[in-house]
Amino acid sequence: KTMNAMTTFIVSNAGDDADFDINDGVYSPATLRSAIENANKLGGSHAISFSSGITIIQPATQLPWVTVALIIDGTVGSGKVILDGSASTGTYGLSLTKTSKVTNMIFKSWKSVGLGLTSGAVNSIVQRSEFTLNNIGLNVNAAGTLIGGELPGDRNFAHGNTQDGIDIVFANDNTIIDNFCGTKD
């Protein structure tokens, strides 16, 4: 896939390979790691979605921090994409540094944090996601974040985490609505 100003990267490869040539303007292979690398290189705002055959992604090492505004939608035919850290040497599942939206993802088995929003990720949205078996499921250091929503389908589930399901640190004006913490029911 050749890239342009506003790109949607479609992850169709559950592997963990980096982009073969980050400077050639072609997104290949179509892995999550490669999608993040290419979005970061382009700058601006982009999106990542997943083809229906993708169910579990198990990075071997730390994924790159996301340094651009990004919409990540883990909706697939079987439900949600699982970002599984059980075999990773990295400690964070995904770290966002700009305003972003994450929906329909499962962050599982990360040694430190499943999903982290740094102070630059202001006004981000996290909905329809699950945080389980991490040390901390969702760590928010960004102001103005919406976690969950008024519709029952927008809620997040945080259960089975060692320390915290949802952790808000040094962040103001966040809205946490209708999430289930400590249970999946």
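Residues numbered from 1 in each chain as written. Predicted model: local features only at pLDDT ≥ 70, side-chain atom pairs only at ≥ 80, totals over all residues. Heavy atoms only, no water.

A. Representation of the nonpolar core. Within the largest apolar cluster, 37 residues are counted, with the highest numbers of intra-cluster contacts made by Ile48, Phe50, Leu94 and Leu115. No other element matches the four residues that helix H1 (residues 32–42) contributes to this core. Other than its neighbours up to four places away in sequence, Ile48 contacts Phe9, Val11, Leu32, Ala35, Ile36, Leu70, Ile71, Ile72 and Asp73. (Core = buried A, V, L, I, M, F, W, Y, C linked by side-chain atoms within 4.5 Å. Buried < 20%, exposed > 50% of the residue type's maximum accessible area, 1.4 Å probe, protein only. Helix = DSSP H or I, 4+ residues; strand = E, 2+ residues; numbered from the N terminus. Contact = heavy atoms within 4.5 Å.)

B. Structural detail: the pattern of salt bridges. Across all of its chains, the model carries three salt bridges by this definition. One salt bridge connects Arg128 with Asp154, and the closest N-O pair in it is separated by 2.8 Å. Here Arg128 is found in the loop between strand E11 (125–127) and strand E12 (130–132), whereas its partner Asp154 is found in the loop between strand E14 (146–148) and strand E15 (157–159), with 26 residues between them in sequence. Asp154 sits in the buried class, given a relative accessible area of 9%. (Salt bridge = Lys/Arg side-chain N within 4 Å of Asp/Glu carboxyl O.)

C. Region of interest: the environment of Ser112. Along the chain, the position of Ser112 falls in the loop between strand E9 (105–108) and strand E10 (113–117). The spacing of Ser112 and Ser88 is 24 residues in sequence and 11 Å in space, taken between C-alpha atoms. Ignoring any residue separated from it by four or fewer positions in sequence, one finds Ser112 in contact with Thr91, Tyr92, Asn135 and Ile136.

D. Seen up close, the side chain of Thr103. Mapped onto the fold, Thr103 is located in strand E8 (residues 100–103). Excluding its chain neighbours within four sequence positions, the residues that come into contact with Thr103 are Ile72, Asp73, Gly74, Gln127 and Ser129.

E. Broad picture of the sheet that holds strand E7 (residues 92–96). As summarised here, the arrangement of the four strands in space is E7-E10-E13-E16, forming an open sheet in which the pairing is parallel. In this open sheet, the two edge strands, each paired with only one partner strand, are E7 and strand E16 (164–168). Put simply, the sheet's adjacent strands are angled 10° from each other on average, direction ignored. Pairing between strand E13 (residues 136–140) and E16: four bridges, direction parallel. When the bridges of E16 are listed, Leu138 appears paired with Ile166. (Pairing = 2+ DSSP bridges. Axes fitted to C-alpha atoms, helices over the stretch in contact; angles between N-to-C directions.)

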